[in-house]
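The residues making up each chain are set out below.
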Amino acid sequence: MISFHTQYLKGFVNEEDIKKISPAVAKAHADLHGKKGKGSEFIGWLELPSQIQKNFLKELQSLAAQIQQHCDCLVSIGIGGSYLGIRAAMEFLGHASKIPVYYAGHNISSDYLYNLFETLKGKRPGVVVISKSGTTTEPAIAFRAVKKFLEAQCGPSELTKRIICVTDSKKGALRQIADKGGYRSFVIPDDVGGRFSVLTPVGLVPLALAGVDVQSLVEGAQKGQQEYKEADLNKNNCYRYAAIRNILYRKGKKIEVFSSFYPQAHYVGEWLKQLFGESEGKNGKGIFPASMIFSTDLHSMGQQMQEGERNIFETFIAMDKPQHDVLIPHEADNLDGFNYVADKSFDFVNKKAYEATAAAHFEGGVPNMTIGLCQADVFHLGHLFYFFEKAVAISGYLLGVNPFDQPGVEAYKKKMFALLCPPSFRSVP
């Protein structure tokens, strides 16, 4: 299902290193599953895949049919964990959706929003707005603007058919807006943080409305939950990956580059940057996450990767089988000299580029490992989501931080609030 390759760690990580860290991994496992570790009130994601009810998935399928009847596109409003998992899935799956998805609330650019409205003119959009509190600046003001646009385009009577809120069960501004407007709503679990929420209604609702097979996504995550339940590093590649990255960190490798030769994995990389950066970057610690898409970035960052400061390690995300493949044509005159690859597939060349890059980076002093999906489909994406969610939990505990809070994120929010809000309102939460 998901393979793990470590041949290019030789000389950087050995079995003695693995043996030494094994007791710490066993403790991290016990703390996580026993709910004794830091942030244990936010580990609802741990058993979540097996708890998702089939009736809920059928409800989403029914709602999707209704939305697609009234709407020809979807606007998903959210930021951070309320945006990245959704976009990662949509981009990874390509044409798996039935209606296109547009995004708002993940930036504060007026040009971006203006161009979005220009794109939506003449369309019949549905809207999913996602926020636990409803008071996060970016999605809150974007929802105001989108709702006004929708009302002008479709009329006030259409709003209840087109707007869906994903928010807290009882409290918060968006809950009040949903109740007052009569909008259909879904609940964000209290014990699941934003960056772990792609398998909650945060991710499942917009993905289902767009036409993604969320049942297969959940089944893939269930496979991961079952596969990564043991602490034994010889049986659990998820834990082995978490252990290796901490070994490398202790040996001075402070940056992890998530690399892939598959462009549809770009937003998976963005999701990983939040998952690892927000979970581990605390108390003056943390592996800095970056992401690259090859071979594009080999022509911009390849020099740095090959010969720059040797504080980097690399994790490739590879795929045995792409969704589609294209053959390289034969040309009679062969002016470019590439008939030697004629009738071979682009994926064949892509895989050779990956093999060459992994070997070259290793020889240049960049230890690297590969997480491979046997197929680029929704089931394996669900499996991959769970793999990384559990890996970062174990990795955070090995690092000695709480992987489930994000106190540093609030710093810019407080300063922005002070700059935007008149003094007479600054006591308002």
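What counts, and at which threshold
Residues numbered from 1 in each chain as written. Predicted model: local features only at pLDDT ≥ 70, side-chain atom pairs only at ≥ 80, totals over all residues. Heavy atoms only, no water. Phe/Tyr/Trp six-rings, centres within 6.5 Å; stacked < 30°, edge-to-face > 60°. Helix = DSSP H or I, 4+ residues; strand = E, 2+ residues; numbered from the N terminus. Buried < 20%, exposed > 50% of the residue type's maximum accessible area, 1.4 Å probe, protein only. Lys NZ or Arg CZ within 6 Å of the ring centre and 35° of its normal. Disulfide = S-S within 2.5 Å. Salt bridge = Lys/Arg side-chain N within 4 Å of Asp/Glu carboxyl O.

Caption draft 1: Here's a closer look at the packing of aromatic side chains. Under the definition given, this model contains 25 aromatic pairs. Taking 4.7 Å as the distance between ring centres and 10° as the angle between the ring planes, the aromatic pair formed by Phe117 and Phe149 counts as stacked. Taken together, the residues Phe117 in helix 5 (residues 110–120) and Phe149 in helix 6 (residues 137–154) connect sequence positions 32 residues apart. In this structure Phe117 comes out as buried when scored by relative accessible area, which is 16%. Among the aromatic residues, ring-to-ring pairing joins Phe4, Tyr228, Tyr241, Phe258, Phe276, Phe387 and Phe388 into one connected group. One Lys or Arg, Lys254, reaches over the ring of Tyr249 and ends 4.2 Å from the middle of that ring.

Caption draft 2: Spatial organisation of the state of the cysteines. Within the structure shown, the criterion is met by zero disulfides. Cys154 carries a free sulfur, and the closest cysteine sulfur to it, the one in Cys71, is 7.7 Å from it. Cys238 takes part in no disulfide bond, and the closest cysteine sulfur, belonging to Cys374, lies 17 Å away. On the basis of relative accessible area, Cys238 is assigned to the buried category, the value being 0%.

Caption draft 3: Up close: the pattern of salt bridges. One pass over the full model with this rule turns up 20 salt bridges. Here Arg240 and Glu15 are joined by a salt bridge, their closest N and O atoms 2.6 Å apart. With Arg240 in helix 11 (residues 237–250) and Glu15 in helix 1 (residues 15–33), this residue pair connects regions lying 225 residues apart in the sequence. The salt bridge partner of Glu278 is Arg195, with a shortest N-O separation of 2.9 Å. In this pair, Glu278 sits in helix 12 (residues 266–280) while Arg195 sits in the loop between strand 6 (184–187) and helix 9 (201–210), placing the two residues 83 residues apart along the sequence. Several salt bridges share partner residues, and in doing so they unite Lys132, Asp168, Lys171 and Asp190 into one network.

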